[in-house]
Amino acid sequence: MKHVAILGSTGSIGRQALDVVRTHPDLFSLYGISAHSSEAPFLAQIEAERPKVAVFSRPLSTDVSGTDVRWGDQALYDLAADPQVDVVVLAISGIAALTPLLSALKAGKRVAIANKESLVCGGDLVKKALEVGEGELLPVDSEQSALFQCLENGRRDEVEKLILTASGGPFFRRPREELKNITPEQALKHPTWSMGRKISLDSATLMNKGLEVMEASRLFDFPGEQIEVLIHPQSVVHSMVAYRDGTVMANLSTADMRLPIQYAMTWPRRMPSPAAPLKLWERPELTFFKPDMARFPALQMAYDCLKAGGGCPVVYNGANERAAELFFAGALGFLEIEESVSFALDRFRNRPMRDLEDILAADGEARRLVDEFQKTRRSK
Ligand code: NDP
Ligand code: MG
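Remember, it's a predicted structure, so these values are computed and weren't measured experimentally.

Calculation rules
Residues numbered from 1 in each chain as written. Chains lettered and ligands numbered in written order. Predicted model: local features only at pLDDT ≥ 70, side-chain atom pairs only at ≥ 80, totals over all residues. Heavy atoms only, no water. Near = heavy atom within 4 Å. Polar contact = N/O pair within 3.5 Å; in protein donor to acceptor, adjacent residues only side chain to side chain. Areas by Shrake-Rupley, 256 points an atom, 1.4 Å probe, with all protein chains shown as cover. Nonpolar A, V, L, I, M, F, W, Y, C, P; charged D, E, K, R; others polar. Pairing = 2+ DSSP bridges. Helix = DSSP H or I, 4+ residues; strand = E, 2+ residues; numbered from the N terminus. Axes fitted to C-alpha atoms, helices over the stretch in contact; angles between N-to-C directions. Donors = N, O, S within 2.8 Å, 3.2 Å for Na, K, Ca; no water. Buried < 20%, exposed > 50% of the residue type's maximum accessible area, 1.4 Å probe, protein only. Parallel < 35°, antiparallel > 145°, perpendicular 65-115°, else oblique. Contact = heavy atoms within 4.5 Å. Salt bridge = Lys/Arg side-chain N within 4 Å of Asp/Glu carboxyl O. Disulfide = S-S within 2.5 Å.

Trainee: Is there a simple way to explain the site of ligand 1 in this structure?
Mentor: Near ligand 1 there are 23 residues, and of these Thr10, His36, Ser37, Ser38 and Glu117 occur at the shortest range. At 2.9 Å, a backbone N or O of Ser12 approaches an oxygen atom of ligand 1. With respect to ligand 1, the backbone of Ser93 contributes an N or O atom lying 3.4 Å from an oxygen atom. Alone, ligand 1 offers 900 Å² of accessible surface; in the complex the protein occludes 86% of this. Of the residues contributing to the shell around ligand 1, the split by class is nine nonpolar, 11 polar and three charged.

See below:
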């Protein structure tokens, strides 16, 4: 029996991870959950799931019996490192997941990681935490899970390239001029996946694919030159690995995140899952296109950041997180998201990221630069 902590349990991934735990009462027992701002749904989860520990960002307004309720950042890091916990599902969104990730890895946990921002920003720190401790990192992000599974079929030095697929988001076929006036409601309508707000927006801007290029590089230790992106609007092929003999291994399934969540938790074993079986004969066609870098500069910027290293990936991510907030608040236009990221990267003086403090400083700088961009835009 594995004891599981789900960090970010109220989110899209968190709720699906709960479903996986419920599906396998013989394998998993829920030890802890955490959430940030959604108090009512969090209380309902505590009531329904009866975890041993529940961590919120502030004190809860209602008393709960039978669960040890804690609050604050330190309580979150402690849950990630709790000696009772075997598997941590990291389903928090944004760079806020970085400290709990390091805490879990240092404590030797298996981390089923959905969060990509922490990997993009944490690069070397995560690597070091993996080297010194017993921790293991198993990808949940569907593309990374696919790459991980395809990589199980060959040796590293036999790999020609990693091929990340991208749905292209809801605006893949729209001319760029039309993207200017996209509203948050339009940006949140993802064609193939139902996900949290921020990642849905990132999929529309292709910032998500940019983050995933860096995430894949961090997880599997390949340079940008060996990572390719292909637009595949049906989201049936989740990613592929091309080997040097010309063989391409692909990973296919229905678009259901419970599958990669579960595999990260049960690896190296496979178990029955709540995901519906794939009926390929019901799919009229599977198509693939090379992305147009000029139409989606977010992708090119990610490759450039990966190459530049240092704080650039942190700035790419931090500027995008801030720009997303401003877009949802109606203070930035859709195309201004990538413009503001580009603005922040142009002004950032790159330097090595030696520790967490360096990373958080670069993240803060990126956010301030986006605010500056927003002010200059609005005063025009
Ligand atoms: P959601 O926005 O749906 O959920 C985010 C979760 O994190 C919520 O439980 C939220 O709590 C919590 N949270 C938010 N901010 C903080 C914070 N500062 N400190 C602690 N907890 C916080 O996101 P998703 O589930 O969509 O995505 C989670 C992560 O997984 C992201 O990094 C995303 O890129 C990645 N991912 C998601 C996929 C998906 O299908 N959704 C697919 C692949 C990757 P509360 O609700 O209480 O505020
Ligand atoms: Mg993904």
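Trainee: How do you make sense of the sheet that holds strand E5 (residues 87-90) when you look at a structure like this?
Mentor: Either a parallel or an antiparallel arrangement is found when strands of a sheet pair, and the pairing is made through backbone hydrogen bonds. Across the sheet, seven strands lie side by side as E4-E3-E2-E1-E5-E6-E7; this open sheet has parallel pairing. Only two strands of the sheet have a single partner each, and these edge strands are strand E4 (68-71) and strand E7 (136-139). Going from strand to strand, the sheet's axes swing by 25° on average, the running direction of each strand aside. Pairing between strand E1 (residues 2-7) and E5: four bridges, direction parallel. Its bridge partner being in E5, Leu7 is matched across the sheet by Leu90.

Trainee: Looking at this structure, I do not really get the coordination of the magnesium ion (ligand 2). What am I missing?
Mentor: Ideal geometry at a metal centre: 109.5 degrees between donors when four sit tetrahedrally, and 90 or 180 degrees when six sit octahedrally. Around the magnesium ion (ligand 2), the protein contributes the donor atoms Asp141 (OD), Glu143 (OE) and Glu212 (OE), which lie 2.0 to 2.1 Å from the metal centre. Read in sequence order, the donor residues for the magnesium ion (ligand 2) give the motif D-x1-E-x68-E. A residue pair is termed long-range when its members are at least 10 positions apart, and Glu143 in helix H6 (residues 142-151) and Glu212 in helix H9 (residues 207-220) qualify at 69 residues. Accessibility classification places Glu143 together with Glu212 in one group, the buried group.

Trainee: Is there a simple way to think about the packing of helix H8 (residues 197-205) against helix H13 (residues 334-347) in this case?
Mentor: A pair of packed helices is captured by two measures, namely the crossing angle of their axes and the spacing between those axes. At a minimum axis distance of 10 Å, the contact between H8 and H13 shows a crossing angle of 85°. It follows from the interaxial angle that H8 and H13 lie roughly perpendicular. Across from Leu201, Ala204 and Thr205 in H8, the residues of H13 making contact are Phe334, Ile337 and Glu338. Tallied by class, the residues present in the contact of H8 with H13 amount to four nonpolar, one polar and one charged.

Trainee: Is there a simple way to explain the pattern of salt bridges in this structure?
Mentor: Between side chains of opposite charge, pairing is possible as soon as their charged atoms come close. Per the counting criterion, the structure on display carries 29 salt bridges. For Asp141, the salt bridge goes to Lys116, with nearest N and O atoms at 2.9 Å. In this pair, Asp141 sits in the loop between E7 and H6 while Lys116 sits in the loop between strand E6 (110-113) and helix H5 (117-132), placing the two residues 25 residues apart along the sequence. This pair shows no difference in class: Asp141 is buried, exactly as Lys116 is. Close ionic contact of Arg322 with Glu325 constitutes a salt bridge, the shortest N to O distance being 2.6 Å. Of this pair, Arg322 and Glu325 both sit in helix H12 (residues 312-328), separated by three residues, roughly a single helical turn. With a relative accessible area of 21%, Arg322 lands in the partly exposed category.

Trainee: For this particular structure, what's the right way to read helix H10 (residues 258-266)?
Mentor: Residues three or four positions apart in an α-helix share a direction because the helix packs 3.6 residues into each turn. Along H10, eight of the nine residues are buried, which leaves the element largely enclosed by surrounding structure. Among all positions of H10, only Arg258, Pro260, Ile261, Gln262, Tyr263, Ala264, Met265 and Thr266 are buried.

Trainee: Hey, could you run me through the state of the cysteines in this one?
Mentor: What makes a disulfide is a covalent bond joining the sulfur atoms belonging to two cysteines. In total, this model carries zero disulfides according to the counting rule given. Considering cysteine sulfurs only, Cys305 is the nearest to Cys121, which forms no disulfide, with 11 Å between them. Given the relative accessible area of 4%, Cys121 is considered buried. Among the cysteines around Cys312, which has no disulfide bond, Cys305 carries the closest sulfur, lying 5.0 Å off.

Read these as geometric descriptors, not functional statements.
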